[in-house]
Amino acid sequence: MSRIALLGGGFSTDADGVLDDWVLGHARASRPKVCFVPTASGDAPAYIEKFFDAFPARDCEPSVLPLFRRESSDTALRDVLLAQDVVYVGGGNTANLLAVWRVHGVDRLLREAYAGGTLLCGISAGANCWAEGSHTDSYGPLTHLPDGLGLLPGSVCPHYDSEPGRRSSYRAAVARRALPAGWAVEDGAAALFTDGRLTEAVTRSPGARLYRVRADGEAGAVEEAVPCRLLGG
């Protein structure tokens, strides 16, 4: 069983930790090993500090994988990633993230971890990276990025409700088939995929939603809201 979680929140944006607790609840171990991968932010120290402020209080074993000042050998890097129950990827620049991962072979290791049952998850760029393509501001203006690890079929759009232009730009990219049909995640929502299929959709706030967006065959796009379970409700 291989699983991916797309997060519209978490420790970097939400004080309540509801979505992070939901992720840990899906880990294969009762006290999971959780590795934070902050590549998309350039291994920003403040981002790493936030992770270590949030996760040690939970019943887990937190760690971080820096790549910009890498010290691990290829063998050690593989051992670390394949030992994790959860790999949690942070936000930032999706295009840069993918490029750095490929230079270090992390893309191949994550595929191996995914096949072995490690839960892969992330927010923003950390959600985009798992799909075949995504909607991104990696190049400045909002645009489509027909690139990703391809572990999740289709495309992903984060921040669907919170950033001006996201909704219309993503719908336009799907309508003209610059991106395949995919999943639009509003801030506060999250989705779990098992073997590439949606198996759970949740939200930490009543108004947050997950959408399935696809081309309508007439040069337009349609979005379908997915029923979400309110966490804690």
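Shown above is the structure to which this text applies.
Conventions and cut-offs
- Residues numbered from 1 in each chain as written.
- Predicted model: local features only at pLDDT ≥ 70, side-chain atom pairs only at ≥ 80, totals over all residues.
- Heavy atoms only, no water.
- Salt bridge = Lys/Arg side-chain N within 4 Å of Asp/Glu carboxyl O.
- Buried < 20%, exposed > 50% of the residue type's maximum accessible area, 1.4 Å probe, protein only.
- Helix = DSSP H or I, 4+ residues; strand = E, 2+ residues; numbered from the N terminus.
- Polar contact = N/O pair within 3.5 Å; in protein donor to acceptor, adjacent residues only side chain to side chain.
- Contact = heavy atoms within 4.5 Å.
- Axes fitted to C-alpha atoms, helices over the stretch in contact; angles between N-to-C directions.
- Parallel < 35°, antiparallel > 145°, perpendicular 65-115°, else oblique.
- Arc of directions from axis to C-beta.
- Pairing = 2+ DSSP bridges.

(A) Looking closely at the pattern of salt bridges. Counted according to the given criterion, the structure contains 15 salt bridges. Measuring nitrogen to oxygen at the nearest pair gives 2.9 Å for the salt bridge that ties R166 to E163. The exposure class of R166 is buried, given its relative accessible area of 2%. Residue R229 pairs with E200 through a salt bridge whose shortest N-O separation is 2.5 Å.

(B) Examining the side chain of D85 more closely. Mapping D85 onto the fold places it in the loop between α3 (74-82) and β4 (86-89). Classification of D85 as buried rests on a relative accessible area of 9%. At a separation of 2.9 Å, a polar atom in the side chain of D85 contacts the side chain of R28. Within the structure, D85 has its side chain in polar contact with the backbone nitrogen of K33 (distance 2.8 Å). Setting aside residues no more than four positions away along its own chain, D85 makes contact with A27, R28, A29, R31, P32, K33, T118 and L119.

(C) View of the packing of helix α4 (residues 94-104) against helix α5 (residues 106-115). Here α4 crosses α5 at 85°, and the two axes come no closer than 5 Å. Compared by their axis directions, α4 and α5 come out roughly perpendicular. Residues W101, R102 and H104 of α4 pack against V106, D107, R108 and L110 of α5.

(D) Region of interest: α5. Of all the residues in α5, the buried ones are V106, D107, L109, L110, A113 and Y114. Seen end-on, α5 carries its buried residues on one side only, within an arc spanning 160°. When the buried face of α5 is taken as reference, the exposed residues oriented beyond 90 degrees from it are R108 and A115. Where α5 is buried, its residues contact β1 (3-7), α3, β4, α4 and β5 (119-123). Following α5 by one or two positions, G117 adopts a phi angle in the positive range, close to 105°.

(E) Representation of the sheet that holds β4 in the model. With mixed pairing, 8 strands are arranged side by side in an open sheet as β3-β2-β4-β5-β1-β10-β11-β14. For this open sheet the edge positions go to β3 (61-64) and β14 (229-230), each flanked by a neighbour on one side alone. For β1 and β5, the ladder comprises 4 bridges, and the chain directions are parallel. In the sheet register, A5 faces β5, and the bridge partner there is C121. Contacting β2 (33-37), β3 and β5, helix α2 (residues 45-54) crosses the sheet at an angle of about 175° to β3.

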